[in-house]
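Residue-level structure breakdown
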Amino acid sequence: MAGVTHVGTLAIGRMHTAMFELMRGDDSRARTSASELTRIVRDHDLPLFRAFEEFLEGWATADAGLPANGLESMRRGVDCLRAQNILTFDGHLKITLAEAEARASDPDRALAILDEAVATCDRLGYRAFEAELHRSRGEILLKQNPANSALAEEALLTAIAVAKRQATRSFELRAALSLAKLYHLTERPAEAHAVLAPTFEGFPPTPEMPEIAEAQALLVAIKAGAHVRRD
Amino acid sequence: LFVAGELFSARELALALLREAEDAGRVSEAGVANRVLGLTAYFHGDFVAAQTYGERALDGPETKPDANVGQGLSADSLVSPAYLAPTLWALGHIERARELINAATRRAAEIDVPALADALHWKVNLEILRDDPVATLSAAEALDVAARKNAMAQWLSIAELAGGWARGRINDPTGGAAQVRHALARFADLGCRTNMAFYGGLLAELEAETLGAASGLACIDEALRVAVQTENRSALNFLHRIRGKILLRRDPADLAAAPEAFGTAIAIASEQGARSLGLQAALALAELYQSTGRPTEAHAVLAPALEGFSPTPEMPEIAEAQALLSALAATDEVKPEAAHRQRLTQLHVSYGNALIAARGYGAPETTEAFARARESTAGDKGAPGRLAADYGLWVGSYTRGDLPSMRARAMTFLNDLEATPDSPEASVAHRAAGITCWFAGEYREARGHLERALALFQPGRDDDMAFRFGQDPGVVAMTLLAIASWPLGEVDRRFRSSMACRPGWRASPMSARSRSEECTRPCSS
């Protein structure tokens with residue numbers, strides 16, 4: 001059978017794959033898909049995908065150690081989508097952008113992006129990334145103010161509640177891992193264990209989701225009364 | 001205020017109660033406030049808002065017994081689903097209305113007699129809306145028994161009125177009309193004005209038959225006056241439709257007055273989103289046009305009204321309308337019109353596709369083009385270009401993040417493919433439904449639809465679909481299935497397994513991973 005040659009399909013397939021790998025946190029594969037999308041969009045002049053391509057190329061640039069250049073492209077991509085009234089993958093893109101802003105030492109800007117994304121999620125009912133939005137918000141809040149973890153804890157608990165409601169076990173594990181780390185760092189091992197252990201059940205260790213091994217290691221450390229150094 | 005027909009004031013009070021209850025975290029009272037708001041919205045003819053408030057009341061914990069709520073409020077909240085039944089029916093959710101009223105009456109019967117009377121009162125309302133006198137009579141008799149047990153005067157009057165209307169329609173117009181008049185007098189004594197306009201319309205039907213058209217029309221005029229006084233817009237469609245029927249009976253040769261009344265009824269239903277009420281009026285008008293040798297007009301009015309309905313014993317008018325539409329479509333007058341509409345559809349679809357490239361899926365002009373294409377295929381599920389229009393409209397909604405529209409479009413898309421559930425187009429429809437669920441965070445439902453989309457996809461057979469729908473259904477379904485499945489905990493297999501469905505895609509650089517990485521689980525297709 002002949003392979004897929006339809007250009008629109010190739011572009012959307014690459015875009016979806018890049019989003020999938022970003023969601024999984026597999027930067028290497030996300031970069032491969034992003035660069036493939038760039039090639040297709042440029043070779044075939046596909047204006048529909050230009051904004052996504054610009055965003056993903058910016059993300060890859062920032063991820064490669066050039067945050068200023070990368071962030072500029074990512075913001076342009078988001079602005080371009082907004083100008084075209086395109087909300088596809090809105091929450092996911094905002095999480096990626098906010099995390100890049102936070103890595104570039106601008107947590108305030110990162111939180112503003114996430115707050116806007118949460119508002120959009122509530123306004124439109126676009127809840128596919130609701131749990132992840134709250135998780136990311138919790139992690140950035142903690143980074144912004146490590147001494148006061150109450151707001152971060154609240155956001156992470158919300159993320160877990162949303163993930164439970166949506167039966168999204170992978171998102172639940174991620175949020176629980178972040179919250180368990182927070183509890184572990186603040187000398188609350190029983191709470192760390194209580195939040196992490198149930199979400200971890202049923203996940204076989206796999207390189208497809210490194211958080212599983214990380215959660216396993218943290219549980220062992222909690223049990224041993226050891227401290228796990230924060231990332 | 002509510003019983004007296006002062007709906008605006010009742011709504012303001014209920015809003016204040018809702019705000020107060022929500023601020024104080026009193027969920028039971030908030031549920032009661034939602035129910036009252038739903039009821040006022042229903043009688044205002046704002047059926048969409050009535051559904052929203054009613055479902056909030058239904059979903060909340062306040063529908064369970066709650067010792068913190070006063071006895072009267074508690075009893076009311078327990079049967080809060082009941083008023084949703086006529087609301088849903090009016091909006092076109094025929095089967096759901098029946099499920100709801102059955103559940104509400106069953107549940108109310110377990111609680112107490114007043115709760116049962118309340119539920120039966122809404123059942124009576126539903127059966128009247130359905131224009132089913134036999135079912136109305138049965139519900140009215142049950143209501144009469146329940147109301148007598150607790151000496152509930154208002155509910156006794158409703159039972160008397162509904163029973164009278166039903167008997168009048170079945171076999172005793174004179175006796176039925178007298179019973180309705182007696183019940184209306186009792187309502188007046190009790191000061192119950194909320195639904196008097198609707199009840200006036202019921203009397204008009206019987207009086208037109210027993211005392212003549214002039215008497216029936218006088219009843220309608222009075223009912224319309226009461227509707228204005230009591231702000232009851234829920235009855236307007238019904239009153240104008242009955243008016244049209246009486247006018248037609250008065251003078252069958254007058255081809256202006258009755259169509260005007262039916263047209264008004266259709267316009268009101270359309271404004272209220274009341275699809276079932278709209279279909280009843282459209283069917284009456286189409287029958288009139290057909291009987292007066294105007295098949296093109298009959299087809300034009302009936303086809304859009306029938307959109308989205310499937311035949312069900314709950315609403316015989318659907319099958320009746322379908323039969324009439326088929327007969328109309330076969331006439332020499334309608335055939336050329338149909339061919340013209342098909343050409344128009346293709347033109348709008350082509351224009352829409354061109355606009356996708358030029359302006360994007362989310363642009364208003366793109367949506368407008370597909371909406372016009374869809375409009376020109378109204379009533380004809382097999383019309384060429386209709387599915388492309390369905391898809392174009394759905395993608396536009398998705399791009400703009402318009403969830404209610406996504407849901408409606410995805411449902412229409414699936415409905416249009418009921419007869420061909422294994423077709424390549426059904427794969428696209430399931431993909432649309434899957435993305436809609438995923439968008440809303442309904443991951444498990446999304447996975448189900450996307451699995452179905454992928455299972456229906458057949459490489460080779462479906463290769464041309466990319467050119468009709470803009471993307472290869474196999475590739476898009478598998479990437480989206482991965483996106484919807486990974487969060488559900490399927491972290492180790494889903495993406496790899498779905499790759500096997502599209503060999504041409506697997507050969508591409510993105511997916512060129514070692515075979516050892518790929519899952520061995522066979523793809524469902």
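Conventions used here
- Residues numbered from 1 in each chain as written.
- Chains lettered and ligands numbered in written order.
- Predicted model: local features only at pLDDT ≥ 70, side-chain atom pairs only at ≥ 80, totals over all residues.
- Heavy atoms only, no water.
- Helix = DSSP H or I, 4+ residues; strand = E, 2+ residues; numbered from the N terminus.
- Expected span 1.5 Å × (residues − 1).
- Buried < 20%, exposed > 50% of the residue type's maximum accessible area, 1.4 Å probe, protein only.
- Contact = heavy atoms within 4.5 Å.
- Salt bridge = Lys/Arg side-chain N within 4 Å of Asp/Glu carboxyl O.
- Phe/Tyr/Trp six-rings, centres within 6.5 Å; stacked < 30°, edge-to-face > 60°.
- Polar contact = N/O pair within 3.5 Å; in protein donor to acceptor, adjacent residues only side chain to side chain.
- Buried area = accessible area lost by both parts, 1.4 Å probe.
- Axes fitted to C-alpha atoms, helices over the stretch in contact; angles between N-to-C directions.
- Parallel < 35°, antiparallel > 145°, perpendicular 65-115°, else oblique.
- Left-handed = near helix turned anticlockwise from the far one by under 90°.
- Nonpolar A, V, L, I, M, F, W, Y, C, P; charged D, E, K, R; others polar.
- pLDDT = per-residue confidence, 0-100.
- Core = buried A, V, L, I, M, F, W, Y, C linked by side-chain atoms within 4.5 Å.

Before going further, it helps to spend a moment on helix 16 (residues 295–306) of chain B. Residues and elements named next belong to chain B. Its 12 residues give helix 16 an end-to-end C-alpha distance of 16 Å, which sits within 8% of 16 Å, the value for a rise of 1.5 Å per residue. Turning to helix 16, its buried residues number three or more, namely Pro295, Ala298, His299, Val301, Leu302, Ala303, Ala305 and Leu306. Looking at the buried positions of helix 16, the neighbouring elements they touch are helix 14 (257–272), helix 15 (275–291), helix 17 (316–329) and helix 18 (334–359). In the stretch just after helix 16, Gly308 is the one whose phi turns positive, near 85°.

Before going further, it helps to spend a moment on unusual backbone geometry. The residue Asn85(A) is not glycine, and still its phi comes out positive at about 60°. As for its position among the elements, Asn85(A) is in the loop between helix 4 (67–83) and helix 5 (90–103). The phi dihedral of Ala151(B) falls on the positive side, at around 50°, and the residue is not glycine. You can see Ala151(B) is positioned in the loop between helix 8 (133–149) and helix 9 (153–170).

Residues and elements named next belong to chain B. Checked against the element boundaries, Arg407 lands in helix 21 (residues 403–416). What makes Arg407 partly exposed here is its relative accessible area of 36%. Once the C-alpha coordinates of Arg407 and Ala433 are considered, the two residues, 26 residues apart in sequence, prove to be 7.4 Å apart.

Turning next to the pattern of salt bridges. Residues and elements named next belong to chain A. Taken as a whole, this structure holds 60 salt bridges over all chains when the rule is applied. Where Arg174 meets Glu211, a salt bridge forms, and the shortest distance between an N and an O atom there is 2.8 Å. Linking Arg174 in helix 9 (residues 169–185) with Glu211 in helix 11 (residues 210–223), this pair joins segments that are 37 residues apart in sequence. Taken as a pair, Arg174 and Glu211 share a single burial class, namely buried. Connected through salt bridges with shared partners, the residues Glu99, Glu132, Arg135, Glu139, Arg174 and Glu211 form a single ionic network.

With that settled, the discussion passes to the packing of aromatic side chains. Residues and elements named next belong to chain B. Applying the stated criterion across every chain yields a total of 19 aromatic pairs over all chains. Ring centres of Phe198 and Phe238 lie 4.7 Å apart, and the angle between their planes is 50°; on these two criteria the pair is classed as tilted. Linking Phe198 in helix 11 (residues 196–210) with Phe238 in helix 13 (residues 236–250), this pair joins segments that are 40 residues apart in sequence. Of the two residues examined, Phe198 and Phe238, each falls in the buried class.

Position of Arg24(A) among the secondary structure elements: in helix 1 (residues 7–24). You can call Arg24(A) buried: its relative accessible area is 4%. Side chain to side chain, Arg24(A) and Glu208(A) meet in a polar contact 2.8 Å long. When residues no more than four places from it in sequence are discounted, the contact partners of Arg24(A) are Arg29(A), Arg174(A), Pro207(A), Glu208(A), Glu211(A) and Trp486(B).

Facing the 44 residues of chain A at the interface are 46 residues of chain B. Between chain A and chain B, the buried area comes to about 3900 Å², and carbon and sulfur atoms account for 65% of it. Put simply, chain A and chain B have zero salt bridges between them. The interface formed by chain A and chain B includes 10 residue pairs in polar contact (both at pLDDT 80 or more). The set of elements that each furnish at least two residues to the side of chain A that touches chain B consists of helix 1, helix 2 (27–44), helix 3 (47–63) and helix 9 of chain A. Among the elements that line the side of chain A that touches chain B, the one with the most residues is helix 1 of chain A, at 12 residues.

Time to look at the packing of helix 7 (residues 113–129) of chain B against helix 9 of chain B. All names here are of chain B. Running from N to C, helix 7 and helix 9 point in directions that differ by 25°, and their axes come no closer than 11 Å. The orientation of helix 7 relative to helix 9 falls into the category roughly parallel. Judged by the sense of rotation from one axis to the other, the crossing of helix 7 with helix 9 is left-handed. In contact with Ala117, Asp118, His121, Val124 and Ile128 of helix 7, helix 9 contributes Trp155, Ile158, Ala162 and Trp165. Of the residues contributing to the contact of helix 7 with helix 9, the split by class is seven nonpolar, one polar and one charged.

With that settled, the discussion passes to the packing of helix 16 of chain B against helix 18 of chain B. Residues and elements named next belong to chain B. For the pair helix 16 and helix 18, interaxial distance at closest approach is 9 Å and the crossing angle is 45°. By the angle class used here, helix 16 and helix 18 are oblique. Here helix 16 contributes Pro295, Thr296 and His299 to the contact with helix 18, which in turn contributes Val334, Glu337 and Arg341. Here the contact of helix 16 with helix 18 is composed, by residue class, of two nonpolar, two polar and two charged.

Residues and elements named next belong to chain B. Across chain B, the average pLDDT comes to 84, with 88% of residues at 70 or higher. Note that residues 62–76 has pLDDT below 50 and, in this model, 24 contacts with residues that lie over four places away or in other chains. For this predicted complex, the interface confidence comes out at an ipTM of 0.94, alongside a pTM of 0.66.

Nonpolar side chains in soluble globular proteins generally cluster together in the buried interior. Counting 126 residues, the largest nonpolar core has Phe89(A), Leu196(A), Trp394(B), Phe413(B) and Trp438(B) as its most contacted members. Excluding residues within four positions of it along the chain, Leu196(A) makes contact with Leu173(A), Ala176(A), Leu177(A), Ala180(A), Ala215(A), Leu218(A) and Leu219(A). By size, the runner-up hydrophobic cluster in this structure holds 114 residues, among which are Ala140(B), Met196(B), Phe238(B) and Leu328(B).

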